[in-house]
Amino acid sequence: VQLQASGGGLALAGGSLKLSCEVSGSMFSINDMGWYRQAPGKQREVVATITGGLNTGYRDSVKGRFTISRDKNMMTLQMNSLKPEDTGVYYCHFRHWSAGTGWVDYWGQGTLVTVSS
């Protein structure tokens, strides 16, 4: 399984950015996807998740500003009303489940998001 993330970059506070992540190589139907981020000097934290059934979850600080979506093997994160505290390296995450292995996790390469005030 491979994850290829794209998007990110530099934005002004109040601006928007869109992240995308394409998953290849997985044939497992039970799977979840999500975005995590890590700010300098901080631990990685979950930003948003979406299940195979399209149930979504968001950390409180991004609710109403970020929207996660997925279509087959492509996941996107639309980030609006960006704040400087959204700055960090964003990682896409994918996990699948099977009876033989349970949940197995995969990570994409990080993509840097920088929001300036």
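Residues numbered from 1 in each chain as written. Predicted model: local features only at pLDDT ≥ 70, side-chain atom pairs only at ≥ 80, totals over all residues. Heavy atoms only, no water.

Undergrad: Would you take a moment to explain the overall build of the protein chain for this structure?
TA: Scanning the protein chain from terminus to terminus reveals 0 helices and 11 strands. When the helices and strands of the protein chain are read in sequence order from the N terminus, they spell out β-β-β-β-β-β-β-β-β-β-β. Relative to the compact-globule value of 13 Å for 117 residues, the protein chain shows a C-alpha radius of gyration of 14 Å, a close match. Expressed as lengths along the three principal axes of its C-alpha atoms, the size of the protein chain is roughly 50 × 25 × 20 Å. In the protein chain, buried positions account for 35% of the 117 residues. Within the protein chain, counting contacts between residues at least 6 apart in sequence, those at least 24 apart form 53% of the total. Here the protein chain displays about 6300 Å² of accessible surface, and carbon together with sulfur accounts for 51% of that area. (Helix = DSSP H or I, 4+ residues; strand = E, 2+ residues; numbered from the N terminus. Rg over C-alpha atoms; globule rule 2.2 N^0.38 Å. Buried < 20%, exposed > 50% of the residue type's maximum accessible area, 1.4 Å probe, protein only. Contact = heavy atoms within 4.5 Å. Areas by Shrake-Rupley, 256 points an atom, 1.4 Å probe, with all protein chains shown as cover.)

Undergrad: Honestly, the state of the cysteines in this entry has me stumped. Any pointers?
TA: Two cysteines whose sulfur atoms are joined by a covalent bond form what is called a disulfide. One pass over the full model with this rule turns up 1 disulfide. Each sulfur in the disulfide pair Cys-21 and Cys-92 lies 2.3 Å from the other. Taking the sign of the torsion about the S-S bond as the criterion, the disulfide between Cys-21 and Cys-92, at about 55°, is right-handed. With Cys-21 in strand 3 (residues 17-24) and Cys-92 in strand 9 (residues 88-98), this pair connects stretches of sequence that are 71 residues apart. (Disulfide = S-S within 2.5 Å.)

Undergrad: Could you clarify how one ought to interpret the environment of Ala-48 in this entry?
TA: Among the secondary structure elements, Ala-48 is positioned in strand 5 (residues 45-51). Overall, Ala-48 belongs to the buried group, its relative accessible area being 1%. Between the C-alpha atoms of Ala-48 and Ser-69, which are 21 residues apart in sequence, the distance is 9.6 Å. Contact partners of Ala-48, with chain neighbours within four places excluded, come to Gly-34, Trp-35, Gly-57, Tyr-58, Ile-68 and Leu-77.

Undergrad: Help me understand unusual backbone geometry in this model?
TA: Negative phi characterises most residues that are not glycine, and trans characterises most peptide bonds. Positioned with a positive phi, Leu-54 is a non-glycine residue whose angle comes to about 70°. Positionally, Leu-54 belongs in the loop between strand 5 and strand 6 (56-58). In this structure, Lys-72 is a non-glycine residue whose phi angle is positive, near 60°. Structurally, Lys-72 can be placed in the loop between strand 7 (66-71) and strand 8 (74-79). Classification of Lys-72 by relative accessible area gives exposed; the value is 74%.

Undergrad: Help me understand the sheet that holds strand 7 in this model?
TA: Hydrogen bonds between backbone groups are what pair the strands of a sheet, and the pairing can be parallel or antiparallel. Here 4 strands make up an open sheet; going across it, the order is 1-3-8-7 and the pairing antiparallel. Since the sheet does not close on itself, it has two edges, and those belong to strand 1 (2-7) and strand 7, each with one partner. Here the strands of the sheet are splayed against their neighbours by 15° on average, with no regard to which way each runs. Relative to strand 8, strand 7 runs antiparallel, the two being bridged by 6 bridges. (Pairing = 2+ DSSP bridges. Axes fitted to C-alpha atoms, helices over the stretch in contact; angles between N-to-C directions.)

Undergrad: Can you walk me through the pattern of salt bridges in this structure?
TA: It is possible for side chains of opposite charge to pair when their charged atoms get near one another. Evaluated as defined, the whole model comprises 6 salt bridges. Glu-45 is paired through a salt bridge with Arg-37; the nearest N and O atoms lie 2.8 Å apart. Residue Arg-37 is classed as buried on the basis of its relative accessible area, which comes to 5%. Salt bridges sharing partners connect three or more residues here, namely Arg-37, Glu-45, Arg-59, Arg-65 and Asp-86. (Salt bridge = Lys/Arg side-chain N within 4 Å of Asp/Glu carboxyl O.)

Coordinates in, geometry out; function isn't part of it.
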